[in-house]
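A look at the structure
Residue-level listing of the chains:
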Amino acid sequence: MRQYEMFELQFQGEEPAGSQAVVDVTAEFSHTGADGKQTVKTVKGFYAGNGIYKVRFYPSEAGAYTWKVKGLVSGEGSEECAPSDGSAKGIVKVVGTHFEYENGEVFKPFGTTIYAMNHQDEELRQTTFATLKTAPFNKVRHCVFPKHYDYNHNEPPYYAFEKDADGNWDVNRPCFDFWDHFEEGIVALADMGIQSDLILFHPYDNWGFATLSMEDNLVYLDYLLRRFSAIPEMWWSMANEYDLCAAKTMEDWYAIEDFIVANDPYGHLLSNHNCFGFYDFKRPHITHQCVQTILVEKSGEWQKEIGKPLVYDECCYEGNLPLTWGNISGFEMVNRFWKAVASGAYATHGEVFLSDDEVLWWAKGGVLKGESPKRIAFLRKIAEELPGAIEYMDEDKGWLLSDEYKEMIANHPDELEQRPMVQFFLHQSEVDKLTGQIKDENYCGHVGEEAYIIYYGTHCNGIGHMTLPEDKKYRIEVIDAWEMTRETAAENVSGEVEVKLPGRVGIAILATRM
């Protein structure tokens, strides 16, 4: 047993007489911490086929543990949990509007989407894993159930359940070949340091999985949670486009949410992805905002309103499909990543290039063909070199204000508010507000007083302005997001700084403390 790594016990027994998904096997793991406080965690075991039962446990603390298993199989024992060797960092948790591993290290998600990754033939799946080894992504959105949609018409090698005598899916009889195969995919990602953002339901169905009864849905989730909860590299995404899942009501989604929370002993990240209307991210069990939208301009506003991390998990795809969600340019994909990251949010990549074999990355994986991944890698390197998470900043948008306005902001804010132009901004309509955000926004963030960033997007500034603390010294870099260049523009500067810029799109200013 090692801290932050899944521990497994295995037992031989008789095949369950009833349900093979919801079996009577529980275990208690007891641990006395360094503070002398004893904790006891109860977990459920699962049936893995061929008379094999497994109990999985995730130890977040090092030290001595005792365990006791009871039910259809039984046993007891003790384990010494060694401290993490540094390779495992723990489950990703939310801290404010950002993410951290349990060891305290900041996690900055740079995701991609491969919906049906585990539902392809093995040769293609291995090609996908080989591609991911050198790709810039540390999170993958993928589905438990196969997908039936444009460019997604193949049958999967396995299905999650066996069928009954009437040809209906029997959720109480898991297909163990499916679950073993699927788990291999999750482990392959984890071994590369990639989190599985696991999509539990979706509407793009040709087999009847989207219309299972709620009773069957909960049996399926029970088995999945028994089997996967102890794997640290897991996130739960209740659905892809929950609002298109016609067989489920909002009450069903709330019941699914509650069931996951009640049956996941370790509190993995939990959210729900939309097509149109957002899920209610203010609900207490929802850990982060998982959104499909191109309105990256709203990043700061939504972070402040909800107070949880914001992930643009679908902001269209680089590609050339005859569908508007699948034909943005490589530059625009990179642009949206920079907008999100510079303003303290996160983004997820996707790629859809027409191919005679219908192997499109967003659905099946394979090889990456677009121009954005290497530039996302460039951004990720910059972000991870910073000494912490980027926080949204709206105090300094890089706009040039007159001395008169600066003096009034500092000394006469009440008088300033009465000016007609200021009154317009204070009382503008939602349409005017959004128009202004799209037209005028610069994307600004900071890491305490250690670093400040402004990304200009499609603005072609010849000059940039940044206001830095007067009592510290900074190095200023001009960054070209597309050309992937970083040039030092000034050193040992503070206060108000003017920076010469190249007058083209995709430019950022980064100030780091010296």
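Read on for a plain summary of the structure.

Quick notes on the rules
Residues numbered from 1 in each chain as written. Predicted model: local features only at pLDDT ≥ 70, side-chain atom pairs only at ≥ 80, totals over all residues. Heavy atoms only, no water. Core = buried A, V, L, I, M, F, W, Y, C linked by side-chain atoms within 4.5 Å. Buried < 20%, exposed > 50% of the residue type's maximum accessible area, 1.4 Å probe, protein only. Helix = DSSP H or I, 4+ residues; strand = E, 2+ residues; numbered from the N terminus. Contact = heavy atoms within 4.5 Å. Pairing = 2+ DSSP bridges. Axes fitted to C-alpha atoms, helices over the stretch in contact; angles between N-to-C directions. Phe/Tyr/Trp six-rings, centres within 6.5 Å; stacked < 30°, edge-to-face > 60°. Lys NZ or Arg CZ within 6 Å of the ring centre and 35° of its normal. Polar contact = N/O pair within 3.5 Å; in protein donor to acceptor, adjacent residues only side chain to side chain. Salt bridge = Lys/Arg side-chain N within 4 Å of Asp/Glu carboxyl O. Expected span 1.5 Å × (residues − 1). Parallel < 35°, antiparallel > 145°, perpendicular 65-115°, else oblique. Left-handed = near helix turned anticlockwise from the far one by under 90°. Nonpolar A, V, L, I, M, F, W, Y, C, P; charged D, E, K, R; others polar.

Grouped together as the largest cluster of nonpolar side chains are 113 residues, with contacts concentrated most on Leu-200, Tyr-220, Leu-224, Phe-228, Trp-236 and Trp-338. It is helix H6 (residues 330-342) that provides the largest number of residues to this core, a total of eight residues. Each residue touching Leu-200, except ones within four places of it in the same chain, is listed here: Val-144, Phe-145, Tyr-220, Leu-221, Leu-224, Trp-236, Ser-237, Met-238 and Ile-260. Grouped together as the second largest cluster of nonpolar side chains are 17 residues, Tyr-452, Leu-468, Val-478 and Ile-507 included.

Now for the sheet that holds strand E7 (residues 75-81). In space, the four strands of this open sheet follow the order E3-E2-E6-E7, with antiparallel pairing throughout. Two strands lie at the open edges of the sheet, namely strand E3 (38-44) and E7, each paired on one side alone. For this sheet the average axis-to-axis angle between neighbouring strands, irrespective of direction, equals 20 degrees. Relative to E3, strand E2 (residues 25-32) is paired through seven bridges, and the arrangement is antiparallel. Across the sheet, Phe-29 pairs through a bridge with Lys-41, a residue of E3.

The next point concerns the packing of aromatic side chains. Summed over the entire model, instances satisfying the criterion amount to 47 aromatic pairs. The interplanar angle of 55 degrees and the centroid separation of 5.6 Å between the aromatic rings of Phe-99 and Tyr-346 together place this pair among those described as tilted. In this pair, Phe-99 sits in strand E9 (residues 98-101) while Tyr-346 sits in strand E21 (residues 346-349), placing the two residues 247 residues apart along the sequence. Note on Phe-178 and Trp-179: the rings are 5.1 Å apart at their centroids and 80 degrees apart in plane angle, and the pair reads as edge-to-face. Looking at Trp-179, the relative accessible area reads 1%, which means it is buried. Of the aromatic side chains, those joined through ring pairs into one cluster are Phe-145, Tyr-159, Phe-161, Trp-169, Phe-201, Trp-207, Phe-209, Tyr-220, Tyr-242, Trp-253, Tyr-254 and Tyr-279. The ring of Trp-482 carries the charged tip of Arg-375 above its face, separated from the ring centre by 3.6 Å.

What follows deals with the environment of Lys-41. The topology assignment puts Lys-41 in strand E3. Beyond its immediate sequence surroundings of up to four residues, Lys-41 is in contact with Ala-27, Glu-28, Phe-29, Phe-57, Pro-265 and Tyr-266. At 3.0 Å, the side chain of Lys-41 and the backbone oxygen of Pro-265 are in polar contact.

Bringing the pattern of salt bridges into the picture now. Taken as a whole and judged by the stated rule, the model has 25 salt bridges. Between Arg-125 and Glu-122 there is a salt bridge whose closest N-O contact spans 3.2 Å. Residue Arg-125 and its partner Glu-122 are located together in helix H1 (residues 122-133), separated by three residues, close to a single helical turn. Residue Glu-122 is classed as partly exposed on the basis of its relative accessible area, which comes to 34%. Where salt bridges share partners, they join Glu-8, Lys-54, Arg-56, Asp-180, Glu-183 and Arg-227 into one cluster.

Looking now at helix H3 (residues 214-228). Its 15 residues place the ends of H3 21 Å apart at the C-alpha level, agreeing with the 21 Å of an ideal helix rising 1.5 Å per residue. Within H3, eleven of the 15 residues are buried, which leaves it mostly tucked inside the rest of the structure. By the burial criterion, the buried members of H3 are Asn-217, Val-219, Tyr-220, Leu-221, Asp-222, Tyr-223, Leu-224, Leu-225, Arg-226, Arg-227 and Phe-228.

Moving on: the packing of H6 against helix H8 (residues 373-385). Packed helix pairs are specified by the crossing angle of their axes together with the interaxial distance, meaning the distance between the axes. Two elements in contact, H6 and H8, have axes whose closest approach is 10 Å; the angle formed by their N-to-C orientations is 15 degrees. The pairing of H6 with H8 is recorded here as roughly parallel in orientation. Both H6 and H8 take part in a crossing whose hand is right-handed. Between H6 and H8, the contacting residues are Met-333, Val-334, Phe-337, Trp-338 and Val-341 on the first element and Arg-375, Ile-376, Phe-378, Leu-379, Ile-382 and Ala-383 on the second. Its residues assigned to classes, the contact of H6 with H8 shows ten nonpolar, no polar and one charged.

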